Every structure is written in structure tokens, then in C-alpha cells.
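Residue-level structural notes
What follows is each chain in one-letter form.
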Amino acid sequence: MAERKIRVLIAKPGLDGHDRGAKVIARALRDAGMEVIYTGLRQTPEMIAEAALQEDVKIVGLSILSGAHNALVPAVIDKLAEAGLDDVKVFVGGIIPENDIPGLMAHGVYAVYGPGTDTTKVAEDIKTALQTQPD
Amino acid sequence: MNPLDPAALRQGNRLALSRALTAVENGDPAGQDLISALFPHTGDAHLIGVTGAPGTGKSTLVNQLARALRKDAKTGEQLKIAIIAVDPTSPFTGGALLGDRIRMQDLTGDSGIFIRSMASRGALGGLAHSTAAFTTLLDGAGFDLILIETVGAGQAEVDIAQLAHTVIVVEAPGLGDDIQAIKAGILEIADILVVNKSDQPGAENTVRALSAMLSMAQGGGSLPLASKHLRQSQPGHAKSAEPIPGWQTPVQSVIATEGQGIADLVKAIQAHGDYLRQTGLWQVKEAQRLEKDLQSLIQDKVMQDWQKSVDPDRYTKTLEDLIQRKLSPMAALQLLT
Ligand SMILES: Nc1nc2c(ncn2[C@@H]2O[C@H](COP(=O)(O)OP(=O)(O)OP(=O)(O)O)[C@@H](O)[C@H]2O)c(=O)[nH]1
Ligand SMILES: [Mg+2]
């Protein structure tokens, strides 16, 4: 009855109003046996970091379609660090131009997923990302 | 920082609190130690349960309540508020989608409010196994009010009635007929009935039907609703002396999305808290809950000890004899204990 579960926060920073992709990912991760906290649209980096702290997630997934990823992703990662959550791993999903991916990875994102990504891969990558982390 | 340091929790370190909740949820022994350390500092928080069928607006209501309850009406002092929001774990995958925070976005950025989502992890009564332990941690961490949103199961949530001091049952017009409500026993557990979505057609009918049922229950029956706390209280020593003037369960119309009716609801919650304290029912309820918790811990322990002590072959053999009716259940018991 007492068991460990992978807890994931799926958040949508920025101003675009479409969360279909975020919901698809959230459901897929639930179906992979994870506990997925979904916070809804238009989250600021501060709100995301605060939710991650309160929920004690080890993974944060950011869904971004607005094109503002180069500003939003580093802002979220900075806020997580400020909150003392340096150990939280971040992935990004959405429409991200190929050229921007290295920059995001350099900021500490462990994976970037484009439209049509197989969701089972997202779940597998989470498990791998957590294994490389000292418990 | 030691994440499971009770001092850090008592000083209001939110990261420490969050990690502690996880430890308790995962059955980590360090979590139990922490609860033991904090336990003497608990018992003051007002636990408020919010229950009701799926989609009736529980989360939206909790969002409004948390904002409205932040300031103490009497002292003007800022109160610290915690929210535990429970959603169901899928029995097929073991995963869960915890979406109650979507309706609680107004509360982020307020350092006096802490929200934690919880998956039910197989528990069936509308809460998770460790919800009660969460309230101990949050109480010990100095939260004055703890709002607990149950899984929207739409039937009698006995667990929340046991855990919370004040139970708010949320109804909405048009969601199943009202007779359903009686069947599910909500009148038994509700300290306050809320008809949410009063902007929608049929709300007045729902209010009328619920009020009628309440007055029937309070008027004619042999077990007046008002004394439900006393009725439950037969735990040996926590004795209920003479009857205390009862609590009249109010029916309140609310539009949670617009904040309408929230001020009155807050008054009702405070009045119920005062009622419990003045009548001594607060202590009675705590005593009952603690005794029940203790008994279930004893049961678990005795069962574990017995399992360790019994010879598995002897158990299998005895069970077979029982099934073949060579032994009666009582005789089997005597052989195995
Ligand atoms: N018209 C109207 N809609 C409301 C009101 N309160 C909540 N809602 C809507 O009802 C829907 C469900 O609200 P929630 O607060 O998520 O309901 P819930 O009971 O927490 O749902 P579960 O946790 O899934 O059981 C949302 O779309 C809300 O916006 C209200 O007073 N009037
Ligand atoms: Mg809800």
C-alpha cells in the first residue's frame, strides 16, 4: 500500500490557449503508471516552480506552442533552482525549431519532443532520467 | 538542510514540508519518525472536508474558500491554509491525473497557502491511506485550517466524516436526482450542505428538496440529525454526557465561479467550528478518531505478528480441513492461534 510513484508536473507556460498536447501527454503518463499533476493554462515560471515545490515532483514537462520557448524555458529552470529544486528534471514538448534545441538542452532540458512524438517514449525517457539521479 | 527535520517544518520551510509529505506518502520510516516528533504539536488545526459528486465544483469552491478564510474574521489575523486535493488512482495502470490545481490558480504566490495533490492509491473511501497523516504534518507545520477535497465519488464518504471536523457536501442542480442524495447518506455526514452552480436552472428546486429532507430528518426521526456526533461517540471513555443543543445543518446557495455566497459559507464554517469547541464535541471527535486509528494499528500489528508466528503448512492443512468441513471455523481458529 505504501509505494513510490513517479510524480510529474505538466505545465503550460506562456499565453497560447491550446492545451490539447499537454493533456495528451498527461494522460499518456498516467497510463504509464505515473501521478501527473496538471496545472492548466497560462502559468508563469514562478507559478510552475511553486507548484513543483508543493507537489514534490522530480520531473516537470513544459508544453509550449507560442514560440516563446527560448525565453520561457530558461526562466522556468532559473525559478526551479531558486526554489531549491535543482534536482528536478525538465522536458519540453511543442513546436520547437530544430535550431533552438541545442540551446534548450544547454540550459538543462533533458529532452525536447515535437508534434507526433510517441508518448511511450516520453514515459521511458522519464524513467531513464530518474535513474541517473542519486536518490 | 535535513529534509526530514521537524524543526525545519515548524519554522515554515516549504521544501522540507513537501519532502516530508512524500516520505509519509511512500511509507518511508523517516516519515513516521517525523510524525512522532510533531504529534505533540498537533490537534489545533480545523480540518474541513469538501466532498460531493464529480464536477459539482469542489475545487472551484476550495479555491474561493481558501481566499476568504485567509483572514480571521474575529482577530483580523492572517491564517495559514493548507489544501489536500485527492483524485482517484486508475485501478488499471496505477497512475493518476491530478487536476484539482487547475481551479486553484488564484492561490499561487501566496506564501500562507500550501496546496498538495494526492492520488488515492487504491483506497476506496474518497481519501488516500496517508491523507490523515498529511493533516498531522500540516497541522504540525503550523497550518490553522486544512481543506480536504475528496475524490468525487458521489456517495457517502465515510472516511472524510471521520477525519474532518467540518464536512461540506457540495451538490449541483441537475446532477442526478435528489433522492439519490439521501440514498448515498450525505445527510448523515454533512455539517453544511452547499448547492453550488446556483446560476444554473433547477438550483432552487435542489435547495428546496434538500431543505425539506433535512427538516424531515431533524423533526420526525428517532435519531435527530443534530446529535449525529453524539450518536457516533461510544468509544468507552470519551463519553458524551447530556445532550447538547444540536447543530442545524444549513443549506447554502453558492456560485463558486463568481464568489457569490462564499462570505456566508465562511460564516457557517466558523460557526460550526465554534459549535464543536463550545460543546466539547471537538475533543469527542478527536478522541474517537485517535482511538479508531490506534485500534486499526493494533489490528495490523497483531495480524503481522500472527502471520510471522504461524507455520504455513499447518495453516494450509487447517484451511483444507475447514473447506472439507472436517473442522469448524472455531476449531480452526483454535488450532492456528
Ligand atoms: N456555472 C457554474 N459552473 C461552475 C460553478 N462552480 C464550478 N463550475 C464549473 O464546474 C466545472 C467543474 O468544477 P470543479 O471545481 O473542477 O469541480 P470538482 O467537483 O472539483 O470536480 P472533480 O474534482 O473532477 O470531481 C468547471 O468547469 C467549473 O468552472 C458555478 O458556480 N457555476
Ligand atoms: Mg476537483
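Residues numbered from 1 in each chain as written. Chains lettered and ligands numbered in written order. Predicted model: local features only at pLDDT ≥ 70, side-chain atom pairs only at ≥ 80, totals over all residues. Heavy atoms only, no water.

**Description of the site of ligand 1**
All names here are of chain B. Close contacts around ligand 1 come from 17 residues, with Lys58, Ser59, Thr60, Asp199 and Ala256 the closest. Separating an oxygen atom of ligand 1 from a backbone N or O atom of glycine 55 is a distance of 3.2 Å. Taking lysine 58, its side chain carries an N or O atom lying 2.8 Å from an oxygen atom of ligand 1. In the complex, 76% of the free accessible area of ligand 1, which totals 650 Å², lies under the protein chains. The biggest single contributor to the shell around ligand 1 is helix α4 (residues 58-69), with three residues. For the shell around ligand 1, the per-class residue count stands at three nonpolar, eight polar and six charged. (Near = heavy atom within 4 Å. Polar contact = N/O pair within 3.5 Å; in protein donor to acceptor, adjacent residues only side chain to side chain. Areas by Shrake-Rupley, 256 points an atom, 1.4 Å probe, with all protein chains shown as cover. Helix = DSSP H or I, 4+ residues; strand = E, 2+ residues; numbered from the N terminus. Nonpolar A, V, L, I, M, F, W, Y, C, P; charged D, E, K, R; others polar.)

**Digging into the coordination of the magnesium ion (ligand 2)**
Residues and elements named next belong to chain B. Summarising the metal site, the magnesium ion (ligand 2) is bound by the protein donors Ser59 (OG), Asp100 (OD) and Glu149 (OE), whose distances to it range over 2.1 to 2.2 Å. Within one chain, the residues donating to the magnesium ion (ligand 2) are spaced in sequence as S-x40-D-x48-E. Taken together, the residues span a long stretch of sequence, with aspartate 100 in the loop between β3 (96-98) and β4 (113-119) and glutamate 149 in strand β5 (residues 145-149) at a distance of 49 residues. (Donors = N, O, S within 2.8 Å, 3.2 Å for Na, K, Ca; no water.)

**Notes on the pattern of salt bridges**
Under the definition given, this model contains 25 salt bridges over all chains. One salt bridge in this structure joins Arg7(A) and Glu55(A), with 2.8 Å as the shortest N-O distance. Of this pair, Arg7(A) sits in strand β1 (residues 7-11) while Glu55(A) sits in helix α2 (residues 45-55), and the two are 48 residues apart along the sequence. A relative accessible area of 4% places Arg7(A) in the buried class. Note that Glu25(B) and Arg121(B) form a salt bridge whose closest N and O atoms lie 3.8 Å from each other. Note that Glu25(B) is positioned in helix α2 (residues 14-25) and Arg121(B) in the loop between β4 and α5 (131-140), a separation of 96 residues in sequence. Within this structure, Arg7(A), Glu35(A), Glu55(A), Glu25(B), Arg101(B), Arg116(B) and Arg121(B) form a network of salt bridges that share partners. (Salt bridge = Lys/Arg side-chain N within 4 Å of Asp/Glu carboxyl O. Buried < 20%, exposed > 50% of the residue type's maximum accessible area, 1.4 Å probe, protein only.)

**Here's the deal with the confidence of the model for chain B**
Residue and element names in this part refer to chain B. Mean pLDDT for chain B: 87, with 86% of residues reaching 70 or above. Here helix α10 (residues 228-232) stands out as the element of chain B with the lowest mean pLDDT, 44, in contrast to β5, whose mean of 98 is the highest. Counted against residues more than four places away or in other chains, residues 220-243, with its pLDDT under 50, gives 40 contacts. Overall fold confidence for the complex sits at a pTM of 0.90, while the interface term, ipTM, reaches 0.94. (pLDDT = per-residue confidence, 0-100. Contact = heavy atoms within 4.5 Å.)

**Description of the sheet that holds strand β4 (residues 89-94) of chain A**
On the basis of which strands lie adjacent, the open sheet formed by six strands has the order β5(A)-β4(A)-β3(A)-β1(A)-β2(A)-β3(B) and parallel pairing. Every other strand in the sheet has two partners, leaving β5 (109-113) of chain A together with β3 of chain B as the edge strands with one partner each. For this sheet the average axis-to-axis angle between neighbouring strands, irrespective of direction, equals 20°. Summarising the sheet, β1(A) and strand β2 (residues 35-38) of chain A pair through four bridges and their orientation is parallel. Pairing of Ile10(A) across the sheet is with Tyr38(A), part of β2(A). (Pairing = 2+ DSSP bridges. Axes fitted to C-alpha atoms, helices over the stretch in contact; angles between N-to-C directions.)

**Here we look at the packing of helix α13 (residues 312-323) of chain B against helix α14 (residues 329-336) of chain B**
Residue and element names in this part refer to chain B. At their nearest, the axes of α13 and α14 sit 10 Å apart, and the two run at 170° to each other. With respect to each other, α13 and α14 are oriented roughly antiparallel. Side by side, α13 and α14 meet where Arg314, Tyr315, Thr318 and Leu322 of the first sit next to Pro329, Ala332, Leu335 and Leu336 of the second. (Parallel < 35°, antiparallel > 145°, perpendicular 65-115°, else oblique.)

**Re the domain arrangement of chain B**
How large an interface is tends to be reported as the accessible area lost when its parts come together. Residue and element names in this part refer to chain B. Taken domain by domain, chain B comprises domain 1 (42-233 + 240-279) and domain 2 (282-337). Each side of the interface is counted separately: domain 1 has 16 residues, and domain 2 has seven residues. The contact between domain 1 and domain 2 buries some 1,100 Å² in all, and 53% of this surface belongs to carbon and sulfur atoms. Contact with domain 2 buries area across many residues of domain 1, yet Gln162, His165 and Leu276 alone supply 40% of it, more than any other trio. Here domain 1 and domain 2 share zero salt bridges between them. Breaking the side of domain 1 that touches domain 2 down by element, the ones donating at least two residues are β1 (46-52), α6 (158-163), α10 and α11 (262-279). (Domains from an automatic or database assignment. Buried area = accessible area lost by both parts, 1.4 Å probe.)

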